[in-house]
Amino acid sequence: MSPPTDSMPSPAREERRAAPWPAYVTTSIAWHAGAAGAALAAPEAWPWAIGAIAANHVVLTAGGLWPRSRWLGSNWTRLPDRAAARREFALTIDDGPDPEVTPAVLDLLDRERARATFFCIAEHARAHPALCREIVARGHSVQNHSERHPHTFSLLGPKAIEREIGAAQHALADVTGELPRFFRAPAGLRNPFLAPVLQRLDLQLVSWTRRGFDTVRRDPAAMLARLANRLRAGDILLAHDGHAARSDAGVPLVVAVLPALLERARSLALTPVTLPMAARDDGALQASE
Ligand SMILES: [Zn+2]
């Protein structure tokens with residue numbers, strides 16, 4: 001299996017290629033055309049036309065830099081309603097696999113019979129393929145968090161975005177034997193080119209309901225409060241096994257916080273499930289388990 005390329009036309013791909021862009025993006029294209037037309041028809045109005053285009057770019061950029069926005073296309077910030085009705089929530093763990101932190105996370109999850117989704121960086125998965133397979137063997141899900149996790153992701157053009165995500169699809173499927181169905185953007189930052197690429201690769205974008213900020217802050221109590229205090233059915237929580245900050249005692253934050261977080265979930269009769277499990281009866285996204 002290889003990532004889709006332009007040299008591989010097929011009727012199905014042509015159909016997906018013709019799929020509409022998100023409404024906000026098509027509106028923006030029309031907005032540009034309208035402003036250009038107005039400036040041509042009434043040259044004295046050109047400062048207004050430039051201002052209208054600049055305002056549109058500010059809004060598009062803001063939509064991409066706000067990880068939970070839906071302006072640039074479909075974006076899960078919560079699980080589907082049916083999963084919430086079953087009192088499910090999702091624990092998502094990013095930037096691994098990490099040979100020091102991931103095994104400890106897997107042991108804690110096993111102890112609580114909890115399932116989680118690991119948004120892996122494909123480069124790390126290739127460096128630690130056995131650990132990546134271990135994640136899946138222990139009942140969890142590995143999904144796509146890009147090939148290299150570039151900090152410039154939201155500045156990439158459509159070809160570079162497709163290369164970054166397509167290469168990760170290929171690598172993760174090779175390592176785990178399962179093709180990812182979900183994508184999370186590095187740091188959650190995006191641009192208008194992302195949605196059509198995800199549509200072509202058949203990937204659903206996922207952000208989060210709340211995140212622990214556990215790559216930058218070192219306080220387990222603050223992380224637990226952020227994730228657990230308002231926990232409810234349908235939540236998608238974000239923590240990190242890769243790039244994980246350590247507490248003053250030297251413990252990765254996700255390891256320090258998981259036991260109390262899962263205890264809180266149990267007291268609320270909530271079940272931690274993987275994203276494919278949460279989507280199992282979602283007609284639009286029949287994810288394989
Ligand atoms: Zn990340």
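Bear in mind the structure is a predicted one, so any value in this text is a computation, not a measurement. (Residues numbered from 1 in each chain as written. Predicted model: local features only at pLDDT ≥ 70, side-chain atom pairs only at ≥ 80, totals over all residues. Heavy atoms only, no water.)

Participant: Can you break down the coordination of the zinc ion residue by residue, with the values?
Facilitator: Only Asp95 (OD), His145 (NE2) and His149 (NE2) from the protein coordinate the zinc ion, and they sit 2.1 Å from it. Mapped onto the sequence, the donors of the zinc ion take the spacing D-x49-H-x3-H. Of this pair, Asp95 sits in the loop between strand S1 (88-94) and helix H5 (102-111) while His145 sits in the loop between strand S3 (141-144) and helix H8 (158-176), and the two are 50 residues apart along the sequence. Since its relative accessible area comes to 1%, His145 is described here as buried. (Donors = N, O, S within 2.8 Å, 3.2 Å for Na, K, Ca; no water. Helix = DSSP H or I, 4+ residues; strand = E, 2+ residues; numbered from the N terminus. Buried < 20%, exposed > 50% of the residue type's maximum accessible area, 1.4 Å probe, protein only.)

Participant: Can you lay out the pattern of salt bridges for me, pointing to particular residues and giving the numbers?
Facilitator: Inspection of every chain in the model, using the stated rule, returns 16 salt bridges. For Arg86, the salt bridge is made with Glu88, and the minimal N-O distance between the two is 2.9 Å. You can call Arg86 partly exposed: its relative accessible area is 29%. You can call Glu88 buried: its relative accessible area is 5%. It is possible to trace a salt-bridge network through shared partners that takes in Arg86, Glu88, Arg280 and Asp281. (Salt bridge = Lys/Arg side-chain N within 4 Å of Asp/Glu carboxyl O.)

Participant: Summarise the packing of H5 against helix H7 (residues 129-137); cite the residues concerned and give the values.
Facilitator: In the contact formed by H5 and H7, the axes pass within 11 Å of each other and the chain directions differ by 10°. By the angle between their axes, H5 is roughly parallel relative to H7. Residues Thr102, Pro103 and Leu106 of H5 lie in contact with H7, whose contacting residues are Leu131, Glu134 and Ile135. Among the residues making up the contact of H5 with H7, the classes are represented as 4 nonpolar, 1 polar and 1 charged. (Axes fitted to C-alpha atoms, helices over the stretch in contact; angles between N-to-C directions. Parallel < 35°, antiparallel > 145°, perpendicular 65-115°, else oblique. Contact = heavy atoms within 4.5 Å. Nonpolar A, V, L, I, M, F, W, Y, C, P; charged D, E, K, R; others polar.)

Participant: Please set out helix H10 (residues 220-228) residue by residue, giving values where relevant.
Facilitator: Restricting attention to buried positions, one finds in H10 the residues Met223, Leu227 and Ala228. Taken end-on, H10 shows its buried residues confined to a sector of 105°, consistent with a single buried face. Buried positions along H10 lie against strand S6 (210-211), strand S7 (236-240) and helix H11 (253-267). (Arc of directions from axis to C-beta.)

Participant: A description of the nonpolar core should follow, citing residues and the corresponding values.
Facilitator: With 39 residues, the main nonpolar core has Leu91, Val105, Leu109, Phe118 and Leu258 as its most contacted residues. For this core, the element with the most residues is H11, which contributes 8 residues. Apart from residues no more than four positions distant in its own chain, Leu258 is found in contact with Leu91, Val105, Leu108 and Leu109. Counting residues in each nonpolar core, the second largest holds 14 residues, with Val206, Trp208, Leu238 and Val273 among its members. (Core = buried A, V, L, I, M, F, W, Y, C linked by side-chain atoms within 4.5 Å.)

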